[in-house]
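# Notes for the structure review
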Amino acid sequence: MGSSERARHWQYAELPGVDLLRARYVRKTFVRHTHEHFVIAAIADGVEVFHHRGADQYAGAGALALVNPDTPHTGRAGVPEGWRYGAVYPSPEVVAEIAAETTSIRGTPGFVRPVLDDPYAVGLVHQVLRATDEGNALAADTLLRVAVTRLLRLNGGPLPQREVRTAGARRAAAARAVLEERMADPPTLERLAGDLGTSPFALLRAFRAAYGMPPHAWLTDARVRRARRMLDAGHPPAEAAVAVGFTDQPHLNRHFSRIVGVPPGAYQRERKNVQDAPGLPLVASEG
């Protein structure tokens, strides 16, 4: 394995609701973040470490890192040479449809354990990516369904429903709604807490308990999410940066790369032309 970092984040028109990634990272660290989609990351070589639900998880060659939607996690190399992987990110709707057809899971389907050793499923994920490169829609769709079914059968179950019962949880949800609304111009923690009739530290504790990260980290994650949607809709990165509340495009670039894995310009180029000719060179992961 060479030492250079490479990443490509793309979509394939014939696989709606699924993001695709191929990457090799050495020094890259992903800050605590969430995805709207499921993460199914198939490690080809090296080791990835990611913090998930209070513990470090290690995924080496032949294993998959599996993260449910809206679940905070990080990512970094677990060995000096880094890690190389291919990933598919199917939407909750795509996974629910497959689960309903092929499993007996009741309720909202999801993954039970964050790491699964299964070289066969790792191979399937890489075959999905290869099929999209070759423009083979039948193979890509079939292999994706087979892979998701296998992973749900080996490691699937109903996701627990999150209930907002306590006053603290209700305040956290209210704070989140304010931040969503005032993304480009958020209040201070003190003002946010005061408006909700609580103290800054009580709100901080309640917010962490509800969403797995403090409000400022949640806001950065939400800004990157919204910027992604704007880039998908064709807005230039500089415009998206200001609209979501970053000071300028370099500020967006830094946070976007540490959450999505590629800079916004490269992300948008790949997705603008989802039927790109196969075999294009990979972009460097650092903007």
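Residues numbered from 1 in each chain as written. Predicted model: local features only at pLDDT ≥ 70, side-chain atom pairs only at ≥ 80, totals over all residues. Heavy atoms only, no water.

### Remarks on the overall build of the chain
Of the regular secondary structure elements, the chain holds 10 helices and 11 strands. A globule of 287 residues ought to have a C-alpha radius of gyration of about 19 Å, and the chain, at 19 Å, matches this closely. A total of 287 residues make up the chain; the buried ones form 51% of that total. For the chain, the proportion of contacts with a sequence separation of at least 24, taken over those separated by at least 6, is 72%. As displayed, the chain offers around 13500 Å² of accessible surface, 52% of which is attributable to carbon and sulfur atoms. Seen as two clouds, the 35 positive and the 30 negative side-chain charges of the chain have centres 5 Å apart. (Helix = DSSP H or I, 4+ residues; strand = E, 2+ residues; numbered from the N terminus. Rg over C-alpha atoms; globule rule 2.2 N^0.38 Å. Buried < 20%, exposed > 50% of the residue type's maximum accessible area, 1.4 Å probe, protein only. Contact = heavy atoms within 4.5 Å. Areas by Shrake-Rupley, 256 points an atom, 1.4 Å probe, with all protein chains shown as cover. Lys, Arg positive; Asp, Glu negative; His and termini not counted. Charge placed at Lys NZ, Arg CZ, Asp CG, Glu CD.)

### Observations regarding helix α2 (residues 119–133)
With 15 residues, α2 should cover 21 Å at 1.5 Å per step; its first-to-last C-alpha distance of 21 Å lies within 8% of that length. Elements in contact with the buried residues of α2: β1 (6–10), β2 (18–25), β4 (39–52), β6 (63–67), β8 (83–90) and α3 (137–155). The positive-phi residue at the C-terminal boundary of α2 is G135, with phi of around 70 degrees. (Expected span 1.5 Å × (residues − 1).)

### What to know about the packing of α2 against α3
It is the contact of α2 with α3, at a shortest axis distance of 8 Å, that shows an interaxial angle of 160 degrees. One element, α2, and the other, α3, form an angle in the roughly antiparallel class. Considering only the axes of α2 and α3, their crossing is left-handed. Counted together, Y120, A121, L124, Q127, V128, A131 and T132 of α2 and A139, A140, L143, L144, V146, A147, R150 and L151 of α3 form the full contact between these two elements. Residue composition of the contact of α2 with α3, by class: 12 nonpolar, two polar and one charged. (Axes fitted to C-alpha atoms, helices over the stretch in contact; angles between N-to-C directions. Parallel < 35°, antiparallel > 145°, perpendicular 65-115°, else oblique. Left-handed = near helix turned anticlockwise from the far one by under 90°. Nonpolar A, V, L, I, M, F, W, Y, C, P; charged D, E, K, R; others polar.)

### Quick notes on the packing of aromatic side chains
Counted by the stated rule, this structure contains eight aromatic pairs. Judged by centre distance (6.2 Å) and plane angle (80 degrees), the rings of F207 and W218 are edge-to-face. Taken together, the residues F207 in helix α6 (residues 200–211) and W218 in helix α7 (residues 215–232) connect sequence positions 11 residues apart. Here the two residues F207 and W218 agree in accessibility, since each one is buried. By way of ring pairs, the aromatic residues Y25, F30, W83 and Y85 are connected into one cluster. The cationic tip of R8 hangs over the ring face of W10; the distance from NZ or CZ to the ring centre is 4.1 Å. The cationic tip of K28 hangs over the ring face of F30; the distance from NZ or CZ to the ring centre is 5.8 Å. (Phe/Tyr/Trp six-rings, centres within 6.5 Å; stacked < 30°, edge-to-face > 60°. Lys NZ or Arg CZ within 6 Å of the ring centre and 35° of its normal.)

### Let's talk about the pairing of strand β5 (residues 55–60)
Sheet topology note: the β4/β5 ladder contains six bridges and is antiparallel. Bridge assignment links F50 to a residue of β5, and that residue is Q57. What sits between the antiparallel neighbours β4 and β5 is a turn of two residues, in which R53 has the positive phi angle 50 degrees. (Pairing = 2+ DSSP bridges.)

### Side note on α6
Between its first and last C-alpha, α6 extends 16 Å over 12 residues, near the 16 Å set by a 1.5 Å rise per residue. The secondary structure elements touched by the buried residues of α6 are α4 (167–181), α5 (189–195) and α7. Of the residues trailing α6, G212 is marked for its positive phi of about 75 degrees.

### Topic: the nonpolar core
In this structure, Y85 and W218 are the most contacted members of the largest nonpolar core, which totals 48 residues. A per-element tally of this core places α7 first, with seven residues. With residues up to four places along the chain from it excluded, the contact list for W218 reads R176, L179, E180, F207, Y211 and M213. (Core = buried A, V, L, I, M, F, W, Y, C linked by side-chain atoms within 4.5 Å.)

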